[in-house]
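One-letter residues, chain by chain:
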Amino acid sequence: MPNKVIAIANQKGGVGKTTTSVNLSACVAQAGFRTLLIDFDPQGNSSSGLGIQRNKPRHTVYDVMMNGVELDKAILTTGVDRLDLLPSNIALAGAEVELVAQIAREQVLKNALAPYMARYDYIFIDCPPSLGLLTVNALTAANRLLVPIQCEYYALEGLSQLMNTVKLVRQNINPSLEVEGVVLTMFDARTNLAAQVVAEVQKFFQSKVYRTIIPRSVRLSEAPGYGVPITLYDPRSSGAQAYVALADELMKGAG
């Protein structure tokens with residue numbers, strides 16, 4: 001199986017990007033695939049969501065990109081079998097500025113990953129909520145883009161900018177980048193608005209929208225506080241079942 005490198009991106013914050021990164025990568029690993037999650041957000045929420053304290057890692061993705069540290073020395077195992085993590089912390093915020101002066105600045109992450117690609121079946125990249133150089137690095141390293149969209153007002157706002165960035169990356173740097181799919185998150189069945197947003201997103205992205213919709217769930221928001229994915233925190237919850245189903249769709253190439 002050719003390995004998939006999937007950037008999970010949306011420049012809007014609060015759309016369930018990190019929740020999707022942590023739980024989708026965990027479900028794929030639990031299905032038997034060698035999986036790496038790259039926390040590419042300076043807030044480090046994917047790292048803490050998998051039980052890694054922000055100041056604890058000796059090396060982070062920042063050191064790999066900016067200080068030439070080998071990926072091997074920064075990767076951590078997690079509490080989930082077959083799921084490794086490349087952690088992040090606030091130091092990564094400086095990379096946005098430091099990268100500007102670098103040669104081939106869009107390709108730093110891709111070049112760092114290259115020697116280790118064969119080790120993993122799936123690599124997920126949790127992108128920061130912006131369209132700066134970090135996100136461009138993620139889109140250059142990836143061959144797929146997954147977009148989480150929250151079922152709320154202005155759900156599609158700003159997505160044309162993201163799609164335009166994808167188009168530019170594809171034209172100039174990474175022609176193999178494709179939209180893997182769009183996942184609807186934080187769905188509240190009690191509201192008419194949520195159903196309207198689903199219809200609007202399906203009209204805009206058509207067959208790229210996953211059938212699985214992630215519900216708004218207290219258990220999903222509790223799990224990061226315990227440093228585990230939802231499938232370990234409450235495997236019977238609606239959120240856990242939704243992410244297992246989403247992983248299944250992804251692995252079958254649906255969406």
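Treat the numbers as computed from the prediction; the structure is a model and nothing was measured.

Thresholds applied
- Residues numbered from 1 in each chain as written.
- Predicted model: local features only at pLDDT ≥ 70, side-chain atom pairs only at ≥ 80, totals over all residues.
- Heavy atoms only, no water.
- Helix = DSSP H or I, 4+ residues; strand = E, 2+ residues; numbered from the N terminus.
- Rg over C-alpha atoms; globule rule 2.2 N^0.38 Å.
- Buried < 20%, exposed > 50% of the residue type's maximum accessible area, 1.4 Å probe, protein only.
- Contact = heavy atoms within 4.5 Å.
- Areas by Shrake-Rupley, 256 points an atom, 1.4 Å probe, with all protein chains shown as cover.
- Lys, Arg positive; Asp, Glu negative; His and termini not counted.
- Charge placed at Lys NZ, Arg CZ, Asp CG, Glu CD.
- Phe/Tyr/Trp six-rings, centres within 6.5 Å; stacked < 30°, edge-to-face > 60°.
- Pairing = 2+ DSSP bridges.
- Salt bridge = Lys/Arg side-chain N within 4 Å of Asp/Glu carboxyl O.
- 1 Å grid on protein atoms, 1.4 Å probe; cavity = no way out; pocket = protein on both sides within 12 Å on 5 of 7 lines; lining within 4 Å.
- Points joined across faces, edges and corners; volume = space filled by probe spheres on them.
- Nonpolar A, V, L, I, M, F, W, Y, C, P; charged D, E, K, R; others polar.
- Axes fitted to C-alpha atoms, helices over the stretch in contact; angles between N-to-C directions.
- Parallel < 35°, antiparallel > 145°, perpendicular 65-115°, else oblique.
- Left-handed = near helix turned anticlockwise from the far one by under 90°.
- Polar contact = N/O pair within 3.5 Å; in protein donor to acceptor, adjacent residues only side chain to side chain.

1. Topic: the overall build of the chain
Assigned secondary structure in the chain consists of 12 helices and seven strands. The C-alpha radius of gyration of the chain comes to 17 Å, within 12% of the 18 Å expected for a compact globule of 255 residues. If one aligns the C-alpha atoms of the chain with their principal axes, the spans along those axes are about 50 × 40 × 35 Å. For the chain, the proportion of its 255 residues judged to be buried stands at 55%. Expressed as a percentage of contacts within the chain between residues at least 6 apart in sequence, the contacts between residues at least 24 apart total 79%. For the chain, the exposed area adds up to about 11,400 Å²; of that, 50% sits on carbon and sulfur atoms. Seen as two clouds, the 23 positive and the 22 negative side-chain charges of the chain have centres 3 Å apart.

2. Focus on the packing of aromatic side chains
Inspection of the entire model under this criterion finds five aromatic pairs. Residues Phe204 and Phe205 carry aromatic rings whose centres are separated by 4.8 Å and whose planes lie at 70 degrees to one another, so their mutual orientation is edge-to-face. Among the aromatic residues, ring-to-ring pairing joins Phe33, Tyr122 and Phe124 into one connected group.

3. A short note on the pairing of strand S2 (residues 35-39)
When you tally the buried positions in S2, you get five out of five residues, the bulk of the element. A two-sided burial pattern is seen for S2, the buried positions comprising Thr35, Leu37 and Asp39 on one face and Leu36 and Ile38 on the other. Bridge count between S2 and strand S4 (residues 83-86): four bridges; the pairing is parallel. Opposite Ile38, over in S4, you have Leu86 as the bridge partner.

4. Things to note about the pattern of salt bridges
All chains considered together, the criterion is met by 12 salt bridges. Across the pair Glu106 and Arg105 runs a salt bridge whose closest N-O atoms are separated by 3.8 Å. With relative accessibility at 32%, the residue Arg105 sits in the partly exposed group. Salt-bridge contacts for Glu222 lead to Arg219; the nearest nitrogen and oxygen are separated by 2.8 Å. Here Glu222 and its partner Arg219 are both found in helix H10 (residues 218-222), three residues apart, which amounts to about one turn of the helix. Given the relative accessible area of 33%, Arg219 is considered partly exposed. Overlapping salt bridges, with partners in common, bring together Lys4, Arg144 and Glu180 in one network.

5. Looking at the layout of surface pockets
A probe as big as a water molecule, rolled over the atoms, marks out the empty space that is left. Considered as a void within the structure, the largest pocket measures approximately 170 Å³ in volume. In terms of residue count, H10 provides more of the lining of the largest pocket than any other element does, three residues in total. Its residues assigned to classes, the lining of the largest pocket comprises six nonpolar, five polar and one charged.

6. Section: the packing of helix H1 (residues 17-30) against helix H12 (residues 238-251)
At their nearest, the axes of H1 and H12 sit 9 Å apart, and the two run at 70 degrees to each other. In terms of orientation, H1 and H12 fall into the roughly perpendicular class. Relative to H12, the crossing made by H1 is right-handed. Contacts from Thr19, Thr20, Asn23, Leu24, Cys27 and Val28 in H1 reach Tyr243, Val244, Leu246, Ala247, Leu250 and Met251 in H12.

7. Let's talk about the side chain of Asp188
Counting through the fold element by element, Asp188 comes out in the loop between strand S7 (178-185) and helix H9 (192-205). Of the polar contacts made by the side chain of Asp188, one reaches the side chain of Arg190; its length is 2.9 Å.

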